[in-house]
Amino acid sequence: MINYWPLLGIALVVVGFALRFNPLLVVAVSAIVTGLLGHLPFLNVLATLGHGFNENRYVTIIWIILPVVGLLERYGLQEQARTLIAGIRGATAGRLLIIYLALRQMLSALGLTTVAGHPQTVRPLVAPMAIAAAEKQHGELDDETSELVKAMSAATDNVGLFFGEDIFLAIASILLIQGSLASFGIQLTPFQLSVWAIPSAICAFLIHGTRLLLLDRQLGRRK
Amino acid sequence: MINLHWLYVLAGAVFAAFGLGSARDETNGKRWGNVAFWGLLAISLWFGDFLGDVGNGILVLALVSVAGLHLIGRGSKESTTSEERERFSERYGNKLFLPALVIPFTAFVGTLLFNYTPLKGLNLIDSKAVTLVLLGCGVIIALVVCYAWLRPPTLAGVDEGSRLANSIGWAMVLPQMLASLGVIFAAAGVGSTIGALVGAIIPSGSVLLAVVLYALGMVVFTMIMGNAFAAFPVMAAAIGVPILIHQDGGNPAVIGAVGMLAGFCGTLMTPMAANFNIVPAALLELKNQYGVIKAQVPTAIPLLIANILILYFAGFHL
């Protein structure tokens, strides 16, 4: 007999996120409820949570980059990113982000996934450049429009990463697919798998690229 | 050999610096909450291995209480005004990009060196930690360059780092918390339960329907768990292997690779993938914390349809 009660923990997360409670609180409450419903004693739940947190500390290491980004912003990095873009003829937010999308996909396909990212490149460089390009083309942006341009900058980074990295042979997800299928007796090489990431990568470029071109037109209409 | 522990020492120091910087910001009325928050994280990074599982669990509860009870805030202190920044930017020009590019450049060169040259065999760096160690090296080099060239006040790095850290706030720990939630989900058997549920509604006869169910299962489960890695083994066991590969004779490489990518479309649409979707919203100071997700959904849905078509045609008709 399968115990369906732990699924309530998932429902808690969905409801908590939808109602916009503090996400840390939502996740912690859901973790404890799920554990208890899965018949783990409270102390075990606490220990599992603590163990999981401790084992996953590497996820948080990326933030050691903040002092560098902050220092450079103090000396006008974002302003300079804007100045640079303002000097390029024909630069638009959409075109700039298409170039970034292509670069991000190619670098990820070569296994260079950490070369770019939200703290490394999007906040200090890509987002201010996209804003500057949009302002150059359409004049001062209202709050809503600049939110849209910033959000599209972050989105472009994600799409480029997700639909580039699997072309690289030694990426975690390819190894995971290989391992999972091997446990069912299906032997594949990483190469056989990563080749099949290429059609999706092309589709991702075409679909998101089209949306970026449409973004330029959309910005034009908002003016 | 340099391993993750070296980085935990470095990262602990950086988080302690965020605490110090927060304490120095008198414009933040809740600054002692911030100090507690970053201090707890520094303790976790430095001493996590000595606290024991229950000790770490208590630390997590303390961390969550500080954030959940809204005891952290942000100050309004600006180190330099926008006019000053304009002047600096005129003075330093495009050279300002160089320190910013030090970090990606170090990652780039280091990755090449440690993957494609004899350095790989020397075991200087623990292979599991290479990317993070390179990040750490890049940060240290960039900091040295910034201080040597721009000559900021001694504590400027601390103040600027904590200014950014406090503007992102609790979102910085959310990815790690979600990873811990994943551990609990696994311990409580959530994955196998979902697998059994999906397995119970297997369509009979229609390959297309089975493909759609497999892809949608990947998307939904990825959205729940926050990453496709947790979803893949479950969906492969429930539909991918028994139905698509064994029963219907699909190409295993396509079913595996494109199934995972269908899951990535789900990653684009869920707040559970916090480091990609929620953290950037905080980092870019968006008013809507779901702004990035909103921008991604119109890409994710057509891309999912494209992946389903690739699964169907390349998996069964090539």
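Residues numbered from 1 in each chain as written. Chains lettered and ligands numbered in written order. Predicted model: local features only at pLDDT ≥ 70, side-chain atom pairs only at ≥ 80, totals over all residues. Heavy atoms only, no water.

1. Some points on the packing of helix H8 (residues 143-165) of chain A against helix H11 (residues 252-267) of chain B
Here's step 1: One way to put it is that H8(A) packs onto H11(B) with a least axis distance of 10 Å and a crossing angle of 165°. It follows that H8(A) is roughly antiparallel to H11(B) by the angle criterion. Note on packing geometry: the crossing formed by H8(A) with H11(B) is right-handed. Mapping the contact onto sequence places A:Phe162, A:Phe163 and A:Glu165 in H8(A) and B:Leu261, B:Phe264, B:Cys265 and B:Thr267 in H11(B).
Here's step 2: Across the contact of H8(A) with H11(B), the residue classes tally to 5 nonpolar, 1 polar and 1 charged. (Axes fitted to C-alpha atoms, helices over the stretch in contact; angles between N-to-C directions. Helix = DSSP H or I, 4+ residues; strand = E, 2+ residues; numbered from the N terminus. Parallel < 35°, antiparallel > 145°, perpendicular 65-115°, else oblique. Left-handed = near helix turned anticlockwise from the far one by under 90°. Contact = heavy atoms within 4.5 Å. Nonpolar A, V, L, I, M, F, W, Y, C, P; charged D, E, K, R; others polar.)

2. As for the packing of helix H8 (residues 190-200) of chain B against helix H10 (residues 228-247) of chain B
Residue and element names in this part refer to chain B.
Here's step 1: Running from amino to carboxyl end, H8 crosses H10 at an angle of 25°, the nearest separation of the two axes being 9 Å. Taken together, the axes of H8 and H10 lie roughly parallel to each other. As H8 runs across H10, the sense of the crossing is right-handed. Across the interface between the two elements, Gly191, Gly195, Val198 and Gly199 of H8 pack against Val234, Met235, Ala238 and Ile239 of H10.
Here's step 2: A per-class count over the contact of H8 with H10 returns 5 nonpolar, 3 polar and no charged.

3. A look at the environment of B:Asn251
Here's step 1: Take B:Asn251: it is sitting in the loop between H10 and H11.
Here's step 2: Distance from B:Asn251 to B:Asn56, taken between C-alpha atoms, is 45 Å for residues 195 residues apart in sequence.
Here's step 3: Those residues in contact with B:Asn251 that sit more than four places away from it in its chain are A:Trp196, B:Ala314 and B:Gly315.

4. Details of the state of the cysteines
Two cysteines joined by a covalent bond between their sulfur atoms form a disulfide.
Here's step 1: All chains considered together, the criterion is met by 0 disulfides over all chains.
Here's step 2: Left without a disulfide partner, B:Cys137 is nearest to the cysteine sulfur of B:Cys146, which lies 16 Å away.
Here's step 3: Take B:Cys137: its relative accessible area is 34%, and that puts it in the partly exposed class.
Here's step 4: Here B:Cys265 stays free of any disulfide, with the sulfur of A:Cys203 as its closest cysteine sulfur at 9.9 Å.
Here's step 5: B:Cys265 gets classed as buried once you look at its relative accessible area, which sits at 0%. (Disulfide = S-S within 2.5 Å. Buried < 20%, exposed > 50% of the residue type's maximum accessible area, 1.4 Å probe, protein only.)

5. Quick notes on the packing of aromatic side chains
Here's step 1: Applying the stated criterion across every chain yields a total of 13 aromatic pairs over all chains.
Here's step 2: Measuring from centroid to centroid gives 5.3 Å for B:Phe15 and B:Phe18, while their planes differ by 75°, and the two rings are edge-to-face. Here B:Phe18 and B:Phe15 lie together in helix H1 (residues 4-24), a separation of 3 residues that amounts to about one turn.
Here's step 3: Since its relative accessible area comes to 1%, B:Phe18 is described here as buried.
Here's step 4: Measuring from ring centre to ring centre gives 5.1 Å for B:Phe37 and B:Trp38, while their planes differ by 75°; the resulting arrangement is edge-to-face.
Here's step 5: Of the residues examined, B:Phe37 reaches a relative accessible area of 0% and is grouped as buried.
Here's step 6: One aromatic cluster is present, built from ring pairs that chain together A:Tyr75, B:Phe88, B:Tyr92 and B:Trp149. (Phe/Tyr/Trp six-rings, centres within 6.5 Å; stacked < 30°, edge-to-face > 60°.)

6. Some points on unusual backbone geometry
The phi angle of most residues is negative, glycine excepted, and most peptide bonds adopt the trans form.
Here's step 1: Although it is not a glycine, A:His39 adopts a positive phi angle of roughly 65°.
Here's step 2: Within the element layout of this structure, A:His39 appears in the loop between helix H2 (23-37) and helix H3 (42-55).
Here's step 3: Assessed through its relative accessible area of 67%, A:His39 is described here as exposed.
Here's step 4: In the Ramachandran plot, B:Arg151 falls in the positive-phi region, its phi being about 45° despite a non-glycine side chain.
Here's step 5: By the secondary structure assignment, B:Arg151 is in the loop between helix H5 (130-150) and helix H6 (156-168).

7. Notes on the interface of chain A and chain B
Here's step 1: Each partner contributes to the interface: chain A provides 106 residues, whereas chain B provides 136 residues.
Here's step 2: Here chain A packs against chain B, burying approximately 11000 Å² in sum over the two surfaces, 77% of which is carbon and sulfur.
Here's step 3: The largest share of the area that chain A buries against chain B comes from A:Phe53, A:Arg74 and A:Tyr75, three residues that together contribute 8% of it.
Here's step 4: Take the side of chain A that touches chain B: its biggest share by element is 13 residues, from H8(A). (Buried area = accessible area lost by both parts, 1.4 Å probe.)

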